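Here's the letter readout for the chains.
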Amino acid sequence: SYNISTSLINEQYLAHRLDPAVRDWFLGELSRYPGIRKNTDMLPSGAFYGTWYWTELFSKKMGRIFAMADRLNIFQLLVVIGLIAAIFIGLGLTHPGSRRICSLFVLGTTGFTGMSLSLIIMYAYQSLYGFIFQQIAMLVMAFMAGLTLGSYLINRKLESIKDTCGAFFLVEIVCLGSCIAFIPMLIFLNSDPRAELAWIFFLASAVAGSFVGFEFPIANKVYSEGKSPASSSGVVYGVDLAGSWLAALFVSVALVPVIGMVMTSVLL
């Protein structure tokens, strides 16, 4: 209907590819693998299987890691997260002096969450609109703009903040609310991927960056108690980057392709 001029894909080619006999053979072959996840916009499992296939050609050990990742489910992951959180909650309750260590844990998880949402936004945009390379710079810019704005606003009030733990709590609520709001957003956009709603992705990217920007100065203030903030900012920044690095590794390779974008948002 668009009158696109092509040399290979024409009416005869499509008739051959969509021939009922070919289709029945193809669907029959697929039915032989009931344990394989279907590849959908919100669950790009094809990326996982493709990476697994090429990895195992060159490294059987890495192939076994992919086999373990293939068995991941959200309930197992929630149990692991609950146990880790319980350890740090217990540490905070029993050792009042552990605030500095706990602040690093909070910032690391926030860095993980911010980068995870940023990646999910990119994957969802590509899945729904079919392209990403024209817009990836804009999505990253929106994330960095949110991070810069959040950091600027909190730094203006940082000296007047007396209850740093309360401020931490408020930022975590914003982070939690963003993840929760992201779930219906993904479901809605997937059901009706209209191009005029693409701006929502850029807004979401800015929000994902903003709570990282809010939290970094607060974490630095808590961690540097009794010290110069300049002397501790490197450690705090390193923890933030470590959380982001783990997200870039696990979310892109395992979580999104194995449990899907919506369930990854639930996990976050």
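Below you will find a few notes about this structure. Since the structure is predicted, the reported quantities are computational estimates derived from the model, not experimental observations.

### Notes on the nonpolar core
Reasoning step 1: Core analysis: the biggest nonpolar cluster contains 59 residues, and F182, L186 and F201 have the highest contact counts within it.
Reasoning step 2: Where this core is concerned, the elements lending two or more residues are α3 (45-58), α4 (60-70), α5 (74-94), α6 (99-129), α7 (136-157), α8 (164-191), α9 (199-223) and α10 (229-267).
Reasoning step 3: In terms of residue count, α6 provides more of this core than any other element does, twelve residues in total.
Reasoning step 4: Once residues lying within four places of it in the same chain are set aside, the contact partners of L186 are M42, I120, A124, M261, V262 and S265.

### What to know about the pattern of salt bridges
Reasoning step 1: Evaluation of the coordinates by the stated rule reveals three salt bridges.
Reasoning step 2: The closest approach of N and O atoms between E29 and R32, which form a salt bridge, is 2.9 Å.
Reasoning step 3: The class for E29 is partly exposed, based on a relative accessible area of 27%.
Reasoning step 4: Across the pair R37 and D70 runs a salt bridge, and its minimum N-O distance is 2.7 Å.

### Remarks on α4
Reasoning step 1: Listed as buried for α4 are G63, F66 and A69. Take α4 and look down its axis: the buried residues cluster within an arc of 115°, on one side only. Looking at α4, the residues exposed on the side facing more than 90 degrees away from the buried face are K60, K61, R64 and M68.

### So, the environment of F250
Reasoning step 1: Structurally, the position occupied by F250 is in helix α10.
Reasoning step 2: Distance in space between the C-alpha atoms of F250 and S116 is 9.1 Å, their sequence separation being 134 residues.

### As for the side chain of T113
Reasoning step 1: Within the fold, T113 resides in helix α6.
Reasoning step 2: For T113, a relative accessible area of 7% gives the class buried.
Reasoning step 3: The contacts of T113, once residues within four sequence positions are left out, are C175, C179, F211 and L268.

### Details of the packing of α6 against α9
Reasoning step 1: Direction vectors running N to C along α6 and α9 enclose 170°, while the axes themselves pass 9 Å from each other. The orientation of α6 with respect to α9, classified from their angle, is roughly antiparallel.
Reasoning step 2: A class-by-class count of the residues in the contact of α6 with α9 yields 19 nonpolar, five polar and three charged.

### Quick look at α3
Reasoning step 1: Taking 1.5 Å of rise per residue, 14 residues should cover 20 Å, and α3 covers 21 Å from first to last C-alpha, within 8% of that figure.
Reasoning step 2: Here α3 has its buried residues at S45, F48, Y49, W52 and T55. All buried residues of α3 project into a common sector of 135° when viewed along the axis, lining one side. In α3, the exposed residues that point more than 90 degrees away from the buried face are W54 and F58.

### Some thoughts on the packing of α8 against α9
Reasoning step 1: Here α8 crosses α9 at 165°, and the two axes come no closer than 10 Å. The angle between α8 and α9 falls in the class roughly antiparallel. As for the relative orientation of α8 and α9, their crossing is left-handed in sense. Across from T164, A167, F168, V171, E172, V174, C175, S178, F182, M185 and L189 in α8, the residues of α9 making contact are I200, F201, A204, V207, F211, F214, E215, I218, A219, K221 and V222.
Reasoning step 2: Of the residues belonging to the contact of α8 with α9, the class tally is 17 nonpolar, two polar and three charged.

What counts as what
Every chain's residues receive numbers from 1 upward, in the order its sequence appears when written. Predicted model: local features are reported for residues with pLDDT of at least 70 only, side-chain atom pairs are reported and counted for 80 or more only, and whole-chain, interface and lining totals are derived from all residues. Water and hydrogen atoms were dropped before computing side-chain values, which therefore reflect all heavy atoms in the structure. Residues belong to a common nonpolar core when they are buried Ala, Val, Leu, Ile, Met, Phe, Trp, Tyr or Cys residues joined through side-chain atoms within 4.5 Å. Each residue is assigned to one of three classes by its accessible area relative to the maximum for its type, calculated with a 1.4 Å probe on protein chains only: buried under 20%, partly exposed between the two thresholds, exposed over 50%. Secondary structure counts use DSSP, requiring at least four H or I residues in a row for a helix and at least two E residues in a row for a strand, with both numbered from the N terminus. What makes two residues a contact is simply this: any of their non-hydrogen atoms within 4.5 Å. A pairing counts as a salt bridge when a side-chain nitrogen of Lys or Arg comes within 4 Å of a carboxyl oxygen of Asp or Glu. As used here, the arc is the angular range of directions from the helix axis to the C-beta atoms. Every axis corresponds to a line fitted to the C-alpha atoms, with the helix fit spanning only the stretch in contact, and the corresponding angles, defined between N-to-C directions, vary from 0 to 180 degrees. Oblique is the label for any angle not under 35 degrees, not over 145, and not in the 65 to 115 range, which are roughly parallel, roughly antiparallel and roughly perpendicular in turn. Each residue receives one of three labels: charged for Asp, Glu, Lys and Arg, nonpolar for Ala, Val, Leu, Ile, Met, Phe, Trp, Tyr, Cys and Pro, and polar for the others, Gly being one of them. Expected helix span is taken as 1.5 Å per residue step, with the number of steps being one fewer than the number of residues. Helix crossings fall into two classes, left-handed where the near helix is turned counterclockwise from the far one by less than a right angle and right-handed where it is turned clockwise.

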